[in-house]
Structure formats: structure tokens, C-alpha cells
Amino acid sequence: MKDDKKLTLWERYLTQEIGIEFKACLYFFAFLFFYCCYRMLNGIFDASILHMTVLIFTCYFIGYIQVYLLWNFDEADSLGVREIFGMVICTALYCIVSWFGNWFDKRIVVTLVFAAYILLTYFCVFLIYRSKRRIDDKKLNEELRLFQTNHQKK
Amino acid sequence: MKIDIQKITDGEESVVVRYIERTPMINRIIGILENPENKLWGKTESGSVCADIADLLYLESVDDKLFAYTGDKVMRIEGTLNSFMMDMDDGSFFRCSKSMVINVNRVKALRSLSSNRIDATMEGGEHIIISRRYASDFRRLLKGER
């Protein structure tokens, strides 16, 4: 008999896709902020539609790589060599696209600062997910104690 | 062993066990008489043993064989995880993966892991991972929504 409560393959796939969608939007806005700051510092007060389009596609593409190939490193339980390797690979990919897409006028220093910004963003996202899980731990353990108390009364 | 069965017409029903030494067989008889519904019988290397169901930490199915773990013993029991879950109706046991069932009353602590998995630390110190597939059901169980 099929259990309706269990996640189907389609639902699991959809959950994964929503995760990637969320990641793409998160990183898109973070990197767009950096890009806008760079433009404003150079006295330009509009953003290129082409650059933004390439950026969102890049975020999606790297989101897939992150989830399916690089162990979803920003949501990892701990930060190890594997996770740092994932961060560096994705940072390098963003920098290559930014270089050839001419986002920062092929300035090496700006590209390096962008790389540092990406790594910092990844690290912050990792910390946010970890904090979220710690809060969840407390909630889970409170519910567990309540469950056990109720069952002992029975 | 001499078996003396008497039919009575009134008074309280009783069973008297007289023994010289508490052999596994005697223990088994006493176990059945004491509280048959809360006992689980299984086999270990030393023979048949019984355990209180409340003392079970978790059950694991390995190669179509079912094993029950208490703090100090591992016993092989008859049946499958599905049949065990059907027999248990008090909601203390939870199917946490394809091959495992845990006793929620014997969980010491829970830890939220990435990909919506949960790490359950049992009273014996074992870490059991509640897979993503079963984690949302487990959360519902704790909240009393199941």
C-alpha cells in the first residue's frame, strides 16, 4: 500500500529546485549590491540589463553546481576542506564570468575584491544556516521533552 | 516438569510457579505471566530472552532479519519492521528510515542537520539519522499532529 505521507520523487525534486531558486535569488541580490556599489563609485547611476541577466543565469547555473556537484556547501553542518574547496570553485566561476562579461571593466583589483566579497557572502550564509539549525535544535528538544512527558503520564 | 492444571468455579484465578533454579524456560514463563503485552521475545547467542518494550532503544532490519537493541543486549526478533509498527499503537515508536525504527521515549537529544535531516542521540549514545523523507513526519509526531 502506498503511503501518502511519504515524499514522492517528484516532491523531492521540487524541494531541491525550490532550494536552488532561493539560492539563486539570494546570491543574485548580494552580488547585484556589489555591482551597484561599484557602478555608483564610478559615477554611473544605472545598471546594465545585460550584466544583470548574465548574473542571474550565472547564479542559477552555479546554484545547480553547488547542490548537485559541490555537496551544497553553504548549508553544510560544518566547514571543512570539502566545503572550502566548493566555495573557492564557485567564487572562481563567478570571477571568470565577471571578467569575460566585463562587469568590472576587467579591473584585476576590483575582481579580487569581488572574490573576497563572494567568499564572505558564502561564509555569512553558512553561519546563518547554522544559526537557524541551532534554533531548530532547541525547538526540537523542547518538543521531544514535552512528547516524552506526555507519554510517561499515559 | 510436572504441569498441574486445575479448573475452579469461583475465586481468583492464579498461577503458581515452583522452581528449584530460575532457568531461561522458567524466566520465559514468568515473563509471559507478568505482563505479556509489554514484553518482546527474541533470540540472542545465549538463547531466548525477553525485554520490556519500553526498554527498547531501536530496531533495525538487516538482510531481512530484524534486530532489537536495548541498552545492554541485541536480540533477533521475528517479523518485520512493518508488522512491529502495526502491533505498537501507543505512538512511542517511529519509523525513521527504511530499515530502522526508534523508540522516541528513549531519545536523549535531537540535532537538526542540513538537508532537513535530524540526528537522534539515543540513551545508549548511538546516533541515528532520521532521513529527510521521514523528518517532517517526525516533527509532526513531536507536535502531536499524528
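1. Notes on the sheet that holds strand S10 (residues 127-130) of chain B
All names here are of chain B.
- The strand order across the open sheet formed by 3 strands is S8-S9-S10, and the pairing between neighbours is antiparallel. Taken across any chain shown, the strands that pair with only one partner, and hence form the sheet edges, are strand S8 (107-112) and S10. Mean inter-strand twist for the sheet, computed between neighbouring axes without regard to direction, equals 25 degrees.
- Both strand S9 (residues 118-122) and S10 contribute to a ladder of 4 bridges, which runs antiparallel. When the sheet's bridge partners are listed, aspartate 119 is paired in S10 with isoleucine 129.

2. Observations regarding the interface of chain B and chain A
- The interface of chain B with chain A comprises 15 residues on the first partner and 17 residues on the second.
- Among the elements that line the side of chain B that touches chain A, the one with the most residues is S8(B), at 5 residues.
- Considered class by class, the residues forming the side of chain B that touches chain A number 7 nonpolar, 4 polar and 4 charged.

3. Description of the packing of helix H1 (residues 9-41) of chain A against helix H2 (residues 49-69) of chain A
Residue and element names in this part refer to chain A.
- Orientation of H1 relative to H2, taken along the N-to-C sense of each, is 135 degrees, at an axis distance of 8 Å. The angle between the axes of H1 and H2 places the two elements in the oblique class. The handedness of the crossing between H1 and H2 comes out as right-handed. The segment H1 lies against H2, with Gln16, Gly19, Ile20, Lys23, Ala24, Tyr27, Phe28, Phe31, Leu32 and Tyr35 engaging His51, Met52, Leu55, Ile56, Cys59, Tyr60, Gly63, Tyr64, Gln66 and Val67.
- Partitioned by chemical class, the residues of the contact of H1 with H2 number 14 nonpolar, 5 polar and 1 charged.

Procedures and definitions
- Residues numbered from 1 in each chain as written.
- Chains lettered and ligands numbered in written order.
- Predicted model: local features only at pLDDT ≥ 70, side-chain atom pairs only at ≥ 80, totals over all residues.
- Pairing = 2+ DSSP bridges.
- Helix = DSSP H or I, 4+ residues; strand = E, 2+ residues; numbered from the N terminus.
- Axes fitted to C-alpha atoms, helices over the stretch in contact; angles between N-to-C directions.
- Contact = placed C-beta atoms within 7 Å.
- Nonpolar A, V, L, I, M, F, W, Y, C, P; charged D, E, K, R; others polar.
- Parallel < 35°, antiparallel > 145°, perpendicular 65-115°, else oblique.
- Left-handed = near helix turned anticlockwise from the far one by under 90°.

By themselves, these observations are geometric and do not establish any function.
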